[in-house]
Amino acid sequence: MINSVITISRQYGSGGRFVARKLAEKLGIPFYDNEIITMAAKESGYAENLFEKAEQVSTHSLLYSLSMFGTAAGVYGLPLSDKVFLIQSDIIKECAAKGPCVIVGRCSDYVLKEQNNLINFLYSDIESRVKRVQKYYDNDAKDLRADIERRDKKRATYYNYYTTQRWGDIENYHLSIHTDAVGIDSCVDILEAFVKAHEREAL
């Protein structure tokens, strides 16, 4: 039985979500991505779009929260973006507590750092990411390359703000894979072998 919680961090357009879903299917364990937002919204009473927007926040000032979300952020206490992060983190911990699973993004590697968490980072060449976004993503940006770089910058800012680490730093991860070097399916195979090797070593 696979006992590990597997977190997948990835560059936008690297195919990380595809890899994560296929890996979960191959291991026969739950897959969590946007499902975390749905669960967090249901438990907190906040609208799902608040969680989606919170991940794009780059300044994290109270003034920014008020302008972004309105007076719901309140004058006292934490900015709404911070509250949303804490709620989402609790949901991630609840998912991991249920048993083996694959979780994509949302600082899950850091949120679960004290648990039996296999941390992975997937990246890809910018040209391949542009082609992948054109083919598989619902993205109508006029300049896809610029949009990809902007999204990665926001992910890095979000991650760096809420953790004591830097997004994409190789020392933060157990395994980093260049998806172009091996392809999506082989990437899944490598991760599966890695998980099983980890389980054998833990016995």
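Residues numbered from 1 in each chain as written. Predicted model: local features only at pLDDT ≥ 70, side-chain atom pairs only at ≥ 80, totals over all residues. Heavy atoms only, no water.

1. A word on the nonpolar core
Stage number 1. Grouped together as the largest cluster of nonpolar side chains are 30 residues, with contacts concentrated most on Phe51, Ile103 and Leu112.
Stage number 2. Looking at this core, the elements with two or more residues in it are α2 (34-44), α3 (48-54), α5 (80-97), β3 (101-104), α6 (108-111), β4 (117-123) and α8 (144-162).
Stage number 3. Here the element with the most residues in this core is α5; it accounts for eight residues.
Stage number 4. Among residues more than four places away in sequence, those in contact with Phe51 are Ile37, Ala40, Ala41, Ser44, Tyr46, Val84, Ile87 and Gln88.
Stage number 5. Membership of the second largest hydrophobic core comes to 19 residues, among which are Ile8, Leu23, Leu27 and Leu122. (Core = buried A, V, L, I, M, F, W, Y, C linked by side-chain atoms within 4.5 Å. Buried < 20%, exposed > 50% of the residue type's maximum accessible area, 1.4 Å probe, protein only. Helix = DSSP H or I, 4+ residues; strand = E, 2+ residues; numbered from the N terminus. Contact = heavy atoms within 4.5 Å.)

2. Here's the deal with unusual backbone geometry
Residues apart from glycine generally show negative phi values, whereas peptide bonds are mostly found in trans.
Stage number 1. At Arg106, a position not held by glycine, the phi torsion is positive, near 55°.
Stage number 2. Mapped onto the secondary structure, Arg106 falls in the loop between β3 and α6.
Stage number 3. The residue Cys107 is not glycine, and still its phi comes out positive at about 60°.
Stage number 4. Of note, Cys107 is situated in the loop between β3 and α6.
Stage number 5. Residue class for Cys107 comes out buried when judged on its relative accessible area of 5%.

3. Regarding the environment of Trp167
Stage number 1. Topologically, Trp167 is positioned in the loop between α8 and β5 (175-178).
Stage number 2. Residues Trp167 and Ala156, spaced eleven residues apart in sequence, show a C-alpha to C-alpha distance of 5.2 Å.

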